[in-house]
Amino acid sequence: AQKITQTQPGMFVQEKEAVTLDCTYDTSDPSYGLFWYKQPSSGEMIFLIYQGSYDQQNATEGRYSLNFQKARKSANLVISASQLGDSAMYFCAMREYGANSKLTFGKGITLSVRP
Amino acid sequence: EAGVTQFPSHSVIEKGQTVTLRCDPISGHDNLYWYRRVMGKEIKFLLHFVKESKQDESGMPNNRFLAERTGGTYSTLKVQPAELEDSGVYFCASSQSGKAKNIQYFGAGTRLSVL
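Chemist: Teacher, can you tell me more about the overall build of chain A here?
Modeler: Along the backbone of chain A there are zero helices and twelve strands. Tracing chain A from N to C terminus, the helices and strands come up as β-β-β-β-β-β-β-β-β-β-β-β. Computed over the C-alpha atoms, the radius of gyration of chain A is 14 Å, within 12% of the 13 Å expected from 2.2 N^0.38 for a compact globule of 115 residues. Across its three principal axes, chain A shows a C-alpha extent of roughly 45 × 25 × 20 Å. Among the 115 residues that make up chain A, the fraction classed as buried is 50%. When contacts within chain A are restricted to residue pairs at least 6 apart in sequence, long-range pairs at least 24 apart make up 56% of them. Approximately 5400 Å² of chain A is accessible, and the part contributed by carbon and sulfur atoms is 47%. A gap of 4 Å separates the mean positions of the 11 positive and 10 negative side-chain charges of chain A.

Have a look at this one:
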């Protein structure tokens with residue numbers, strides 16, 4: 001069964017510093033995708049970054065990078081040079097390509113950026 | 001290009017009443033998904049449309065929930081009759097077909113409160 005674990009209840013980071021948000025997953029499907037979404041107070045879920053299980057390199061999108069450690073089944077999101085607008089809830093999600101296209105989500109992590 | 005839009009943003013109804021949520025996907029996206037987040041829990045998959053056909057409805061909680069996507073464009077999710085445990089945020093997402101990553105783009109959700 002799919003499972004996404006996000007255990008950090010809340011994270012604080014100083015503006016301009018980097019922060020890592022943890023995500024571990026569990027799947028028996030060799031082909032899968034990992035996603036991170038941001039949900040600010042407005043409620044919209046914003047796609048941030050994607051990592052495929054067969055991708056050789058860690059994904060990067062601007063200030064976002066994904067620290068993908070396949071053997072450990074972890075897909076941590078790294079946000080560099082934090083900005084006040086990064087304060088939001090962050091969700092890690094996974095899709096197993098051998099089954100269906102639904103996403104399985106973690107409980108989310110609240111990030112607060114301090115000025 | 002317009003993103004995924006959901007109506008209404010917030011609905012407050014009494015137990016036993018009927019509520020209909022609407023989702024307009026991104027133009028050209030064949031895939032449409034419904035998810036739900038109950039307070040304090042993970043975001044859970046409800047169902048997946050490909051065009052007007054239900055591809056996967058394994059997440060629908062019971063027969064009080066009815067989803068439609070007539071003509072393969074917008075979708076509605078009807079809850080009849082609503083129960084207290086149906087309260088939560090209902091998200092809609094859409095994605096293109098034929099893309100390996102299959103990024104799902106989400107709307108801002110409809111917050112349903114059943115009193």
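Next, the rest of the story.
Chemist: Can you walk me through the pattern of salt bridges in this structure?
Modeler: Opposite charge on two side chains makes pairing possible when the charged atoms of those side chains draw close. Residue and element names in this part refer to chain B. Summed over all chains, the structure comprises seven salt bridges over all chains. Residues Asp86 and Arg36 are paired through a salt bridge, measuring 4.0 Å at the closest nitrogen-oxygen approach. Taken together, the residues Asp86 in the loop between strand 8 (75–79) and strand 9 (88–95) and Arg36 in strand 4 (residues 31–37) connect sequence positions 50 residues apart. Judged by relative accessible area, which is 14%, Arg36 ranks as buried. Put simply, Asp86 and Arg64 hold a salt bridge, and the shortest N to O gap is 2.5 Å. Of the two residues, Asp86 is situated in the loop between strand 8 and strand 9 and Arg64 in the loop between strand 6 (53–56) and strand 7 (65–68); the sequence distance between them amounts to 22 residues. For the pair Asp86 and Arg64, one class covers both residues: buried. The network of salt bridges with shared partners includes Arg36, Arg64 and Asp86.

Chemist: Looking at this structure, I do not really get the interface of chain B and chain A. What am I missing?
Modeler: Where interface size is given, it is often the accessible area lost as the parts come together that is meant. On the chain A side, the residues contacting the 19 residues of chain B number 20 residues. The largest share of the area that chain B buries against chain A comes from B:Glu42, B:Ile43 and B:Phe106, three residues that together contribute 30% of it. In this structure, the connection of chain B to chain A is made through zero salt bridges. Summed over the shared surface of chain B and chain A, the number is six residue pairs in polar contact (both at pLDDT 80 or more). Its residues assigned to classes, the side of chain B that touches chain A comprises ten nonpolar, five polar and four charged.

Chemist: What am I meant to see in the state of the cysteines here?
Modeler: Covalent bonding between the sulfur atoms of two cysteines is what defines a disulfide. Applying the stated criterion across every chain, the model contains two disulfides over all chains. Here A:Cys23 pairs with A:Cys92 through a disulfide, and the sulfurs are 2.0 Å apart. Because the torsion about its S-S bond is -65 degrees, the bridge between A:Cys23 and A:Cys92 counts as left-handed. In this pair, A:Cys23 is assigned in the loop between strand 3 (19–21) and strand 4 (24–26) and A:Cys92 in strand 10 (residues 88–96), connecting sequence segments 69 residues apart. Exposure remark for A:Cys23: the relative accessible area of 0% places this residue in the buried category. Given a relative accessible area of 0%, A:Cys92 falls into the buried group. Disulfide pairing places B:Cys23 opposite B:Cys92 at an S-S distance of 1.8 Å. Note on the B:Cys23 and B:Cys92 pair: the S-S dihedral is about -65 degrees, so by sign convention the disulfide is left-handed. Within this pair, whereas B:Cys23 is found in strand 3 (residues 19–24), its partner B:Cys92 is found in strand 9, the two being separated by 69 residues in sequence. Each member of the pair, B:Cys23 as well as B:Cys92, carries the same accessibility label: buried.

What counts and how
- Residues numbered from 1 in each chain as written.
- Chains lettered and ligands numbered in written order.
- Predicted model: local features only at pLDDT ≥ 70, side-chain atom pairs only at ≥ 80, totals over all residues.
- Heavy atoms only, no water.
- Helix = DSSP H or I, 4+ residues; strand = E, 2+ residues; numbered from the N terminus.
- Rg over C-alpha atoms; globule rule 2.2 N^0.38 Å.
- Buried < 20%, exposed > 50% of the residue type's maximum accessible area, 1.4 Å probe, protein only.
- Contact = heavy atoms within 4.5 Å.
- Areas by Shrake-Rupley, 256 points an atom, 1.4 Å probe, with all protein chains shown as cover.
- Lys, Arg positive; Asp, Glu negative; His and termini not counted.
- Charge placed at Lys NZ, Arg CZ, Asp CG, Glu CD.
- Salt bridge = Lys/Arg side-chain N within 4 Å of Asp/Glu carboxyl O.
- Buried area = accessible area lost by both parts, 1.4 Å probe.
- Polar contact = N/O pair within 3.5 Å; in protein donor to acceptor, adjacent residues only side chain to side chain.
- Nonpolar A, V, L, I, M, F, W, Y, C, P; charged D, E, K, R; others polar.
- Disulfide = S-S within 2.5 Å.

Keep in mind these numbers describe shape, not what the thing actually does.
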